[in-house]
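Residues per chain, in single letters:
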Amino acid sequence: MSKTILSVDDSASIRQMVSMTLKKAGYDVIEAVDGMDGLAKTKGREIHMIITDLNMPKMDGITLIQKVRTDPKLKFIPIIMLTTESQAEKKQQGKSAGATGWIVKPFKPDQLLGVVKKVLR
Amino acid sequence: MSNDELDAARGVFLEETGELLEQLEESLLALEENPDDQDLVGSVFRALHTIKGSGAMFGFDRISTFTHEVETAFELIRSGVLQVNRKIIDLTLGSRDIIREMLDDPDAEDTSIDMRAQAITDQLLTYTRANDDERVSPQEETIMDVSGGALATWRIRFKPPEDLFTTGTDPGHLLDDLRELGDCTIAVVTEDIPTLSELDPERLFLTWEILLTTDKGKDSIEDVFIFVSDHATIRIDLVEQYQEDVGAEDIIERVHRLGEILVSRGDLDEEQILFALKEQKKLGEILLEKGMLSETKIDLAIQEQEHLKKTEQKLQSKRKTTTEASIRVTSSKLDNLVNLVGELVTVQARLSQEANTRNDTQLLFLAEEVERLSNELRDNTMNIRMVPIGTTFGKFRRLVRDLSAELGREVNLVTRGGDTELDKTVIEKLDDPLVHLIRNSLDHGIEPPSVRQAAGKPPLGELIMEAEHSGAYVIIRIKDDGNGIDREKIRKRAIERNLMDEGDVLSDSELYSFIFSPGFSTAQVVSSVSGRGVGMDVVRTNIESLRGSVDVESQEGEGTTVTLKIPLTLAIIEGLLSRVGNESYIIPLANVEECVELEEKAKEGSKDRNLVNLRGELVPYVYLRDHFQVRSSPPEVEQIIITCLDGRRTGFVVDEVVGQHQTVIKNLGYLYRDIREISGATILGDGTLALIIDVSNLISDVRGSKYN
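What you are looking at is a predicted structure, and each value in this text was computed from that prediction instead of being measured.

Scanning chain B from N- to C-terminus turns up 24 helices and 21 strands. Buried residues in chain B amount to 43% of all 708 residues. Residue pairs in contact within chain B that sit at least 24 positions apart in sequence constitute 70% of those at least 6 positions apart. For chain B, the exposed area adds up to about 37900 Å²; of that, 48% sits on carbon and sulfur atoms.

Right, here's the structure in full:
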């Protein structure tokens, strides 16, 4: 059975890139436009991994991670955050909130796939 | 992603960025009204941030780079370092318009956009640069150093946080990653697992200990743990490093005793090991019996012992073939060493002299011993600086190939004795002279194929470069099988240039030496390669600056051989020590042929002509006492040191020839740089100075002054 990855990002282009890269590698991808949308889309289906941006309107990535970690069903799934090089502090906050790792933007499709494979085997 | 998919994603990016720019404008205008509204600042920042990030990802580098600068300003505003003001709003609005233009025509080569972008960036920098120190340079974080190099065994202790599972990390994946790096021995420490009643299945109580042999370096190991390094306890220790060029026999000598390993692991100290070893049993058993260590810890140490043994066995079998060891040292360190050895040789000479004067057997014995050691040290040190000339020869293959194509020659370059070693500084200075000589051979020497065939020679010419040792010298020969040197041409040209008279009868070597005079060329046509007459005199000057000599032999129609005689090293020479009055002079032994006595009557017979009859040959001499204006009266019998340079003999008259002397050359220093006749100085055993005579310059100066 293929694994399902939730991609949360307010940028449509990044969502599209993440989605295409992962679908091509055989994963199922569900897209969400911000933290609030992302949290809603975790309900009622099995999610194996989340890739989320940090800077988003309505609900940011950190809050999303915190909320996801309280859900017993999602407590142990890998969560990867998309950060930029200048956000060392944000990365720390994300880690404390329970993120598994991070990818620094801009990234190439292979880099994304590399990290996904690293945490989701 | 395929190209189609990438194009689709780019399409989405263009559309999305268009929307973001609209939103950016709105937010900026609103921000101007309410400069303290943090939501608006956040919205502007997010828009810029997304444009930058996606821009870079979809190949809009120009947009990304430019937006980065603007984003930086808003990051500072967001964190309260910078205040929103009208100027910043203006600049950001201007940036927005530029991004729009870049977006509409991404591939345009319109430099005016770049110029306007630069103008805005410059102005923004005046706001952001003030806070530059606080910002982390973006590269620093993204570049991960994965450079490794030498093979090494690492001990990795990995104790994850108990809540590792709640960050979605599977420790098994990390171990898999380590296995990919190299040979792994993995042990699990289960000591910390609580009793079943207290066991929380969602928490992790294991510790791993991994022995990893890899050439990827510590950074690669740290990269494996990059996502967990903040919360886990990770210790990476170097256990053993295996040198690249070590021979198999060096590896075999390393025996890893359990005791040593336990001490290196920090489990026990040496005293405890010695105490336990008194029992004369296996260390592991004793320690266990005495309860000094837990079984787990002993097992881990034994495992480490085995891992190391296995690795070394593997390496041994692999490296039995490669043995030559080498080490890289900066040349300045070597220069320093050579200088120090020079000083030592000087001091040793003084010591020997002192021992001789005191006639103390004990001291004499010591002085001899020091002399033997310092000579050995000197030879070894000089040897370190030696490099084979083969690489220099190799460089000329290309030159020969290109030149022969240009000149319409067919030439086969043969090199011999490439493993002949020479001082590195000497080799570097040989490049230019060799280039000139090769050019000459190809241009004047080796004929075009048709001419060669007409003369009954094989069309393919041969150019031989060879090197060989000869005492303290290296002889380098450049041989060609070309046309040889046309004596008549040289004769004519020499007469034209007033270098000789029409009636003079000159030997071949005297005639050939005219080639080395400045501005001398017999080529009818000046080509780009040679014929300007600047080449050969440069060759001679260069070689002589190395205290070497040049010699030309030629057979008309059969070829020319140029022989360079180069001293092995520049730092120490063998010299002939001589005295004039109270002054000491050293003449490089390389130039000396013989020493004869100058009898009073021989001098009288050749009054003012300074010629001595040496077995029938009249040899001119330089009277050093007069030349250096030494004020003292000459002894009854004087000595002439006969030197030979370019086949011409010249004598130097001195009071006394003291003998051969190991001469450590000291520079005279900047102030005396214009003195041509003295190439340096050396300190003698008694602490006095001796000047080293530059034979060739002195002769040419004397000759010049006689002609004038």
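Okay, the interface of chain A and chain B next. Taken together, the contact between chain A and chain B spans 42 residues of the former and 41 residues of the latter. Carbon and sulfur atoms make up 57% of the area that chain A and chain B hide from each other, which totals about 3500 Å². With a closest N to O distance of 2.8 Å, Glu202 of chain B and Lys75 of chain A form a salt bridge. For the pair chain A and chain B, the number of links is 14 residue pairs in polar contact (both at pLDDT 80 or more). Of the residues forming the side of chain A that touches chain B, the biggest block, eight residues, is contributed by helix 1 (residues 12–24) of chain A.

A surface patch of nonpolar side chains, amounting to about 290 Å² of accessible area, comprises Ile193, Leu196 and Leu199 of chain B. Residue placement: Leu199 of chain B occurs in the loop between strand 2 (183–189) and strand 3 (207–214).

Before going further, it helps to examine the pairing of strand 4 (residues 79–84) of chain A. Residue and element names in this part refer to chain A. Counting buried residues along strand 4, six of its six residues qualify, which places the element largely inside the surrounding structure. Neither face of strand 4 is exposed, since Ile79, Met81 and Thr83 on one face and Ile80, Leu82 and Thr84 on the opposite face are all buried. The pairing of strand 3 (residues 49–53) with strand 4 spans four bridges and is parallel. Bridging across to strand 4, Ile51 finds its partner in Ile80. Read as a crossover between parallel neighbours, the route from strand 3 over helix 3 (residues 61–70) to strand 4 is right-handed. Sheet topology places strand 4 next to strand 5 (residues 101–105); five bridges connect them, and they run parallel. Across the sheet, the residue bridging to Thr83 is Val104, located in strand 5.

To continue, consider the confidence of the model for chain A. Of all residues in chain A, 97% have pLDDT values of 70 or greater, and the mean over the chain is 85. When pLDDT is averaged over each helix and strand of chain A, the minimum, 79, is found for helix 4 (residues 88–97) of chain A and the maximum, 92, for strand 1 (residues 4–8) of chain A.

Let us now look at the nonpolar core. Grouped burial of nonpolar side chains is what soluble globular proteins tend to show. By size, the foremost hydrophobic cluster in this structure holds 79 residues, and its most contacted members are Leu22, Ile51 and Val116 of chain A together with Phe74 of chain B. Residues contacting Val116 of chain A, with those up to four places away along its chain left out, are Ile5, Leu22, Tyr27, Met49 and Ile51 of chain A. Counting 45 residues, the second largest nonpolar core, distinct from the first, contains Leu403, Ile438, Val562 and Leu564 of chain B.

Our focus in this paragraph is unusual backbone geometry. Residue and element names in this part refer to chain B. With a phi angle near 55°, Asn359 is a residue other than glycine that sits in the positive phi range. Along the chain, Asn359 turns up in the loop between helix 14 (331–358) and helix 15 (361–384). Classification of Asn359 by relative accessible area gives exposed; the value is 61%. Of note in this structure, Gln629 is not a glycine but carries a positive phi near 50°. Inspection of the secondary structure puts Gln629 in the loop between helix 23 (624–627) and strand 17 (638–645). For Gln629, a relative accessible area of 61% puts it in the exposed group.

Definitions and cut-offs
- Residues numbered from 1 in each chain as written.
- Chains lettered and ligands numbered in written order.
- Predicted model: local features only at pLDDT ≥ 70, side-chain atom pairs only at ≥ 80, totals over all residues.
- Heavy atoms only, no water.
- Helix = DSSP H or I, 4+ residues; strand = E, 2+ residues; numbered from the N terminus.
- Buried < 20%, exposed > 50% of the residue type's maximum accessible area, 1.4 Å probe, protein only.
- Contact = heavy atoms within 4.5 Å.
- Areas by Shrake-Rupley, 256 points an atom, 1.4 Å probe, with all protein chains shown as cover.
- Buried area = accessible area lost by both parts, 1.4 Å probe.
- Salt bridge = Lys/Arg side-chain N within 4 Å of Asp/Glu carboxyl O.
- Polar contact = N/O pair within 3.5 Å; in protein donor to acceptor, adjacent residues only side chain to side chain.
- Patch = residues over 30% accessible without salt bridge, like charges linked within 9 Å, V, L, I, M, F, W, Y side chains within 5 Å.
- Pairing = 2+ DSSP bridges.
- Right-handed = clockwise from strand over helix to strand, strands pointing away.
- pLDDT = per-residue confidence, 0-100.
- Core = buried A, V, L, I, M, F, W, Y, C linked by side-chain atoms within 4.5 Å.

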